[in-house]
Amino acid sequence: MRILANELIEFVLVSAALLAIGIYGLTVKRNAIRMLFGIEIVINAANLNLVAFGRFLPHSGGQTLALFSIAIAAAEVAIGLSLIIVAYRMYNNIDIADFRSLKG
Amino acid sequence: MADAIFLALSVITIGSAIAALELRSLIYGAIALMGSLGGIAGFFLLLDSPFVAMFQLAVYVGSIAVLILFTVMLVRRELIFTMVEDKRRKFVGIALMLVMMVALGAIILDSGIKQITTDEAAVDFREVGEDFLTYYWPALILMALILSGAVTGALVLARRVDEDIGQRAN
């Protein structure tokens, strides 16, 4: 069995950087599809964390939860994209500032 | 310390995550997002979890990125190539990102995570499969129901109601 060459902290640092980038995308972008990109990046940072900690414990729960998370993310993207298509048909735009009736 | 493969993977992952958000064209952005997701799959391989890596490649790079690409191609041309954003908001966003990176990095570097190393063998994928079929079986069935519900909901939402009702695109 191969011995792991990297330390836990490196993976956690990469994951924190990805989280910060994803939140930047969520706060700055007004294009709905770009915001979805931001959400994807945040979810991937979480998955990386799960698998990294699961490897270093070591415990199988990390990988199992990461698999569940990936599957749920697929469902979330499908729903999000169809909502964007519905909003595009109503407003003819994907800029979230134009989605007037969604402002509540 | 970090070796060459790890450094290359992190440059690919973080660089294409930034490119996905900053490239002017949404199509190139979606392709850059694919690169970022592929980089995460590489990290999973480094972490001795090949099953999760293959799942990531199949689900994210294979289906989600293609779904995003098709949706991008459904919207109008000029929406794909224009970026509308506030200059002030952008600076505040970049400042927030940097503050978050530095703060999180400082907290992580200061914590006891640095001492954690392992020389134990990796978790076998057989164990993951056993987990799915024994302890987590209700969650697995629930996830199947959620997935089928989500796909049905997406189809119902995106369906065209009628030719003359509502404002259709184009």
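In this text the structure is predicted, and so the values were computed from the model without any measurement.

Peer 1: Residue-level account of a nonpolar patch on the surface, with values.
Peer 2: On the surface, Ile 72 of chain A together with Trp 137, Ile 141, Leu 142, Leu 145 and Ile 146 of chain B cluster together into a nonpolar patch covering about 590 Å² of accessible area. The residue Ile 72 of chain A is located in helix α3 (residues 61-91) in this model.

Peer 1: Quick rundown of the pattern of salt bridges? Include the residues and the values.
Peer 2: Evaluation of the coordinates by the stated rule reveals 5 salt bridges over all chains. Residues Arg 30 of chain A and Asp 95 of chain A are paired through a salt bridge, measuring 2.9 Å at the closest nitrogen-oxygen approach. Of this pair, Arg 30 of chain A sits in the loop between α1 (8-28) and α2 (32-56) while Asp 95 of chain A sits in the segment after α3; the two residues are 65 residues apart in sequence, bridging distant segments of the chain. By relative accessible area, which is 9% here, Asp 95 of chain A ends up buried. Of the charged contacts in the structure, one is a salt bridge between Arg 126 of chain B and Asp 124 of chain B, with a shortest N-O distance of 2.5 Å.

Peer 1: Give a description of the interface of chain B and chain A that names residues and reports values.
Peer 2: Contact residues are listed per partner, giving 87 residues for chain B and 74 residues for chain A. A buried area of about 7,800 Å², summed over both sides, lies between chain B and chain A, and 73% of it is on carbon and sulfur atoms. The largest per-residue losses of area from chain B upon contact with chain A belong to Leu 21, Leu 47 and Tyr 60 of chain B, which jointly make up 9% of the total buried on that side. Our count for the contact surface shared by chain B and chain A stands at 2 salt bridges. Of the charged contacts, one joins Arg 55 of chain A and Asp 48 of chain B as a salt bridge, the two residues approaching to 3.1 Å between their closest N and O atoms. The interface formed by chain B and chain A contains 16 residue pairs in polar contact (both at pLDDT 80 or more).

Peer 1: Hey, could you go over the packing of aromatic side chains for me, with residue numbers and the actual values?
Peer 2: Each aromatic ring pair is characterised by the separation of its centres together with the angle its planes make. A complete count under the given rule lists 7 aromatic pairs over all chains for this structure. Aromatic side chains Phe 51 of chain B and Phe 55 of chain B sit 6.3 Å apart centroid to centroid with 40° between the ring planes, which places their arrangement in the tilted category. With Phe 51 of chain B and Phe 55 of chain B both in helix α3 (residues 50-74) and 4 residues apart, this pair spans about one turn of that helix. Since its relative accessible area comes to 40%, Phe 51 of chain B is described here as partly exposed. Ring geometry for Tyr 135 of chain B against Tyr 136 of chain B: centres 5.1 Å apart, planes inclined by 90°, an arrangement best described as edge-to-face. For Tyr 136 of chain B, a relative accessible area of 21% gives the class partly exposed. By way of ring pairs, the aromatic residues Phe 68 of chain A together with Phe 132, Tyr 135 and Tyr 136 of chain B are connected into one cluster.

Peer 1: Describe in detail empty space enclosed by the protein, supporting the description with residues and values.
Peer 2: Scanning the model with the defined rule gives 1 cavity of 30 Å³ or more in all. What the largest cavity holds in volume is close to 50 Å³. Every residue along the wall of the largest cavity is listed here: Val 51, Gly 54, Arg 55, His 59 and Gln 63 of chain A together with Leu 47, Asp 48, Ser 49, Ala 122 and Val 123 of chain B. Per element, the largest residue contribution to the lining of the largest cavity is 3 residues, and it comes from α2 of chain A. The residue inventory of the lining of the largest cavity, partitioned by class, reads 4 nonpolar, 4 polar and 2 charged.

Peer 1: Explain unusual backbone geometry to me, using residue names and the numbers behind them.
Peer 2: A cis amide bond links Leu 57 of chain A with the next residue in sequence, Pro 58 of chain A, at an omega value of -20°. Along the polypeptide, Pro 58 of chain A turns up in the loop between α2 and α3. A positive phi is found at Asp 48 of chain B, a non-glycine position, where the angle reads about 60°. Secondary-structure assignment places Asp 48 of chain B in the loop between α2 (26-46) and α3.

Peer 1: Describe the environment of Gly 80 of chain A, and please don't skip the residues or the numbers.
Peer 2: Structurally, Gly 80 of chain A is set in helix α3. Note: C-alpha distance between Gly 80 of chain A and Leu 36 of chain A (44 residues apart in sequence) is 7.7 Å.

Peer 1: Before we move on, can you summarise the packing of α1 of chain A against helix α5 (residues 87-110) of chain B with the specific residues and values?
Peer 2: Close contact between α1 of chain A and α5 of chain B brings their axes to 9 Å; oriented N to C, the two are set at 160°. By the angle between their directions, the pair α1 of chain A and α5 of chain B is classed as roughly antiparallel. The interaxial crossing formed by α1 of chain A with α5 of chain B has right-handed handedness. Contact with α1 of chain A, carried on its side by Ile 9, Val 12, Leu 13, Ala 16, Ala 17, Leu 19, Ala 20, Ile 21, Ile 23, Tyr 24, Thr 27 and Val 28 of chain A, involves Arg 89, Lys 90, Gly 93, Ile 94, Leu 96, Met 97, Met 100, Met 101, Leu 104, Gly 105, Ile 108 and Leu 109 of chain B of α5 of chain B and no other residues of that element. Along the lines of polarity and charge, the residues of the contact of α1 of chain A with α5 of chain B split into 19 nonpolar, 3 polar and 2 charged.

Peer 1: Which residues make up helix α1 (residues 4-22) of chain B, and what values go with them?
Peer 2: Taking 1.5 Å per residue, 19 residues should reach 27 Å; α1 of chain B reaches 26 Å between its end C-alpha atoms and fits that length. Of all the positions in α1 of chain B, only Phe 6, Leu 9, Ser 10, Thr 13, Ser 16, Ala 17, Ala 20 and Leu 21 of chain B are classed as buried. Taken down its axis, α1 of chain B places every buried residue within 150° of arc, on the same side. α1 of chain B presents Ala 4 and Val 11 of chain B as exposed residues on the side facing more than 90 degrees away from its buried surface. The secondary structure elements touched by the buried residues of α1 of chain B are α1 and α2 of chain A together with α2 of chain B.

Rules used throughout
Residue numbers restart at each chain and count upward from 1, following the sequence in its written direction. Each chain gets a letter, beginning with A, and each ligand a number, beginning with 1, in the order they are written. Note on the predicted model: pLDDT of at least 70 is required for a residue's local features to be given, and 80 or more for side-chain atom pairs to be given and counted; whole-chain, interface and lining totals, by contrast, use all residues. The basis for the side-chain values is all heavy atoms of the structure; hydrogens and waters are excluded. Think of a patch as exposed residues, more than 30% relative accessible area, with no salt bridge, where like charges cluster within 9 Å and nonpolar side chains (Val, Leu, Ile, Met, Phe, Trp, Tyr) cluster within 5 Å. Accessible surface area values rest on a Shrake-Rupley calculation with a 1.4 Å probe, where residue burial reflects the displayed protein chains alone. Every case where a carboxyl oxygen of Asp or Glu lies within 4 Å of a side-chain nitrogen of Lys or Arg is listed as a salt bridge. To qualify as a helix, a DSSP run of H or I must reach at least 4 residues; to qualify as a strand, a run of E must reach at least 2; elements of each kind are numbered from the N terminus. In this scheme, a residue with accessible area under 20% of its type's maximum is buried, one over 50% is exposed, and one in between is partly exposed, where area comes from a 1.4 Å probe on protein chains only. Between two residues, a contact is recorded if the distance between any of their heavy atoms is within 4.5 Å. Accessible area that two parts lose when put together, with a 1.4 Å probe and added across both, is what the buried area reports. We call two N or O atoms a polar contact when they sit within 3.5 Å, provided that within protein one can donate a hydrogen and the other can accept it, with sequence-adjacent residues counted only if both atoms are side-chain atoms. When the centres of two rings from Phe, Tyr and Trp lie within 6.5 Å, Trp using its six-membered ring, the rings pair. Their planes under 30 degrees apart give stacked, over 60 give edge-to-face, and anything left gives tilted. Cavities and pockets are defined on a 1 Å grid built over the protein atoms alone: a cavity is a set of grid points where a 1.4 Å probe fits but cannot escape, while a pocket is an open set with protein on both sides within 12 Å along at least five of seven lines, and lining residues are those with an atom within 4 Å of any such point. Grid points are joined across faces, edges and corners, and a volume is the space filled by probe spheres set on the points. We call Asp, Glu, Lys and Arg charged. Ala, Val, Leu, Ile, Met, Phe, Trp, Tyr, Cys and Pro are nonpolar, and the rest, Gly among them, are polar. Under this scheme, a helix contributes an axis fitted over its contacting stretch, all axes are lines through C-alpha atoms, and angles between N-to-C directions fall in the 0 to 180 degree range. Working definition: roughly parallel below 35 degrees, roughly antiparallel above 145 degrees, roughly perpendicular at 65 to 115 degrees, and oblique for all remaining angles. Working rule for handedness: look at the near helix, and if it is turned counterclockwise from the far one by less than a right angle, call the crossing left-handed; if clockwise, right-handed. By this rule, a helix spans an expected 1.5 Å times one less than how many residues it contains. Each direction from the helix axis to a C-beta atom contributes to the arc, which is the arc of those directions.

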